[in-house]
Amino acid sequence: MSTELPDRLSSDPRSPFYNAELLERGVGIRFKGVEKTNVEEYCVSEGWVRVAAGKARDRFGNPLTIKLTGTVEAYLREEPEAPEAV
């Protein structure tokens with residue numbers, strides 16, 4: 001698999017932008033230069049992220065989200081390397 005990330009990615013399996021393989025590898029998001037861990041969906045070209053709004057849920061049990069605009073950087077998180085045996 002290439003290290004190229006899609007322009008838009010969602011963590012919701014019902015979304016057409018959902019990609020389980022990438023999410024399992026670990027995708028990191030920097031929003032306005034700050035690491036975000038609660039991102040539900042992002043779009044790099046349009047410059048927005050959707051983050052969970054606390055513990056609030058809609059009537060179907062899905063988290064409520066807020067759309068924030070700004071500079072978005074997506075990257076693959078590096079796997080911690082196992083120490084070499086001596």
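Refer to the preceding data block for the structure.
Below you will find a few notes about this structure. (Residues numbered from 1 in each chain as written. Predicted model: local features only at pLDDT ≥ 70, side-chain atom pairs only at ≥ 80, totals over all residues. Heavy atoms only, no water.)

1. Here's the deal with the overall build of the chain
Each helix and strand counted, the chain has 1 helix and 7 strands in total. When the helices and strands of the chain are listed from N to C terminus, the series reads β-α-β-β-β-β-β-β. Burial statistics for the chain: of 86 residues in total, 23% are counted as buried. Sequence-distant contacts, at least 24 apart, represent 49% of the contacts inside the chain between residues at least 6 apart. Within the structure as shown, the chain displays about 6300 Å² of accessible surface, and the carbon and sulfur contribution to it stands at 49%. (Helix = DSSP H or I, 4+ residues; strand = E, 2+ residues; numbered from the N terminus. Buried < 20%, exposed > 50% of the residue type's maximum accessible area, 1.4 Å probe, protein only. Contact = heavy atoms within 4.5 Å. Areas by Shrake-Rupley, 256 points an atom, 1.4 Å probe, with all protein chains shown as cover.)

2. Quick notes on the environment of Gly28
With respect to the helices, strands and loops of the structure, Gly28 is situated in strand β2 (residues 27-31). Accessibility expressed as a relative area gives 0% for Gly28, which makes it buried. Distance in space between the C-alpha atoms of Gly28 and Leu76 is 5.9 Å, their sequence separation being 48 residues. Once residues within four sequence positions are removed from consideration, Gly28 is found in contact with Glu35, Glu73, Ala74, Tyr75 and Arg77.

3. Quick look at the pairing of strand β5 (residues 48-57)
Examined bridge by bridge, strand β4 (residues 39-43) and β5 share 4 bridges and lie antiparallel to one another. Bridge assignment links Cys43 to a residue of β5, and that residue is Trp48. Remark: 4 residues form the turn of the hairpin made by β4 and β5, two consecutive strands paired antiparallel; Gly47 in that turn has positive phi of roughly 70°. Here β5 pairs with strand β6 (residues 63-69) via 6 bridges, running antiparallel. Considered in β6, the bridge of Ala52 is made with Thr65. Where β5 hands over to β6, the hairpin turn is made up of 5 residues, of which Gly61 adopts a positive phi near 90°. (Pairing = 2+ DSSP bridges.)

4. Digging into unusual backbone geometry
Negative phi values dominate among residues other than glycine, just as trans dominates among peptide bonds. Even without being a glycine, Lys32 presents a positive backbone phi close to 55°. Examined against the element boundaries, Lys32 turns out to sit in the loop between β2 and β3 (34-36).

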